[in-house]
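Below, each chain spelled out in residue letters.
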Amino acid sequence: MFLQTVITGLSIGGIYALMAVGYSLVFSVLNFSNFAHGAVIMLGAYVGLALATKLNLGFGLVLAGSVAGAGIIAVLNEKLAYSSLRGRKAPSLYLMISAMGCAVFLENLVYATIGSRFYAFPEFFGRQVVTLWGSSVSLLDGGAFLFALLAILGLHLFIRRTRTGIAIRAGVCDMTMCSLMGVDLNRLIAVVFLLAGGFAGVAGVFLGVKYLVYPTMGWVTNKAYIAAVIGGLGSLPGALAGGLILGMVETFVSTYVSSVLRDVFSFTLLIAFLVWRPNGLMGIDSEDKV
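The structure presented is a predicted model; accordingly, all values stated were derived computationally and were not measured.

**What to know about the overall build of the protein chain**
Turning to step 1, where the next piece is worked out: Scanning the protein chain from terminus to terminus reveals 11 helices and two strands.
Turning to step 2, where the next piece is worked out: From first element to last, N terminus to C terminus, the protein chain shows the α and β order α-α-α-α-β-β-α-α-α-α-α-α-α.
Turning to step 3, where the next piece is worked out: Computed over the C-alpha atoms, the radius of gyration of the protein chain is 19 Å, within 12% of the 19 Å expected from 2.2 N^0.38 for a compact globule of 290 residues.
Turning to step 4, where the next piece is worked out: With the C-alpha coordinates aligned to their principal axes, the bounding extent of the protein chain is approximately 60 × 45 × 35 Å.
Turning to step 5, where the next piece is worked out: Sorting the 290 residues of the protein chain into buried and exposed places 48% on the buried side.
Turning to step 6, where the next piece is worked out: For the protein chain, long-range pairs separated by at least 24 residues make up 76% of all intrachain contacts whose partners lie at least 6 apart in sequence.
Turning to step 7, where the next piece is worked out: Element-wise, carbon and sulfur atoms account for 66% of the exposed surface of the protein chain, whose accessible area totals about 14,000 Å².
Turning to step 8, where the next piece is worked out: Taking the 17 positively charged and 11 negatively charged side chains of the protein chain as two groups, their mean positions are separated by 7 Å.

Next comes the structure, spelled out in structure tokens:
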């Protein structure tokens, strides 16, 4: 029972981490919380659902299509909602307000076009389980955790080893100096949103396969935001650590205390970090990041 709870917690934490990475990427470059990220996750799940049910594609192709679709949606969202504000040097608060408006717009657009029904993905993994030390572990849970680790490791290597990744790191430090060195900031920001959207697509598919697909599923990113704050906004290793911590806490509370109190513990943990460690476990001290 204990091992099964741990694996389930790591699985949920891995999905939270995938979502938190999107928050952290955008925050690290543009210094604002992209609250439309949840809507991109929701749309990514719908893209994957359409590929799975209408075209009968396998899980790998569904995942790839959702990554591409959510990435494109995220880039379009930036071009339409944030680009003009950036050009006018608008404060971060304006970007956050625009992001909240985008989230509401996209959610209601799905209500108006697709409807409010709940949809289920095909059972790609069936009910396959693996027995470890007497505990039955779902193949989906184990796969979600491992895929999250590999995806975030791949992003870390991309940020550290490639020219575009170095440009992103430079932009995190000083966007003005990065521009003076010849970096195309619009292209750089588009790449950041493309990466964030890709991770949103992965998270949307795993959420949809594990649970259901519906218009308000993007609000689960409230938990991803908690994970990003715990790990430190702007830190990719922090996003992973925060997601795993939050997933473990919620799973153990649901199993050994009460599922009704799960959210109470989650938001209590958020308040505790904001009071005693506002920059999170791996965040960087900055007076501008509020």
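So that's the structure; there's more coming.
**Thoughts on helix α3 (residues 59-87)**
Turning to step 1, where the next piece is worked out: Taking 1.5 Å per residue as the helical rise, α3 with its 29 residues ought to reach 42 Å, and the 40 Å between its terminal C-alpha atoms agrees with that figure.
Turning to step 2, where the next piece is worked out: Of all the bends found along α3, the most pronounced is centred on A81 and spans about 45°.

Thresholds, definitions, all that
- Residues numbered from 1 in each chain as written.
- Predicted model: local features only at pLDDT ≥ 70, side-chain atom pairs only at ≥ 80, totals over all residues.
- Heavy atoms only, no water.
- Helix = DSSP H or I, 4+ residues; strand = E, 2+ residues; numbered from the N terminus.
- Rg over C-alpha atoms; globule rule 2.2 N^0.38 Å.
- Buried < 20%, exposed > 50% of the residue type's maximum accessible area, 1.4 Å probe, protein only.
- Contact = heavy atoms within 4.5 Å.
- Areas by Shrake-Rupley, 256 points an atom, 1.4 Å probe, with all protein chains shown as cover.
- Lys, Arg positive; Asp, Glu negative; His and termini not counted.
- Charge placed at Lys NZ, Arg CZ, Asp CG, Glu CD.
- Expected span 1.5 Å × (residues − 1).
- Bend = angle between axes of the 7 residues up to and from the residue.

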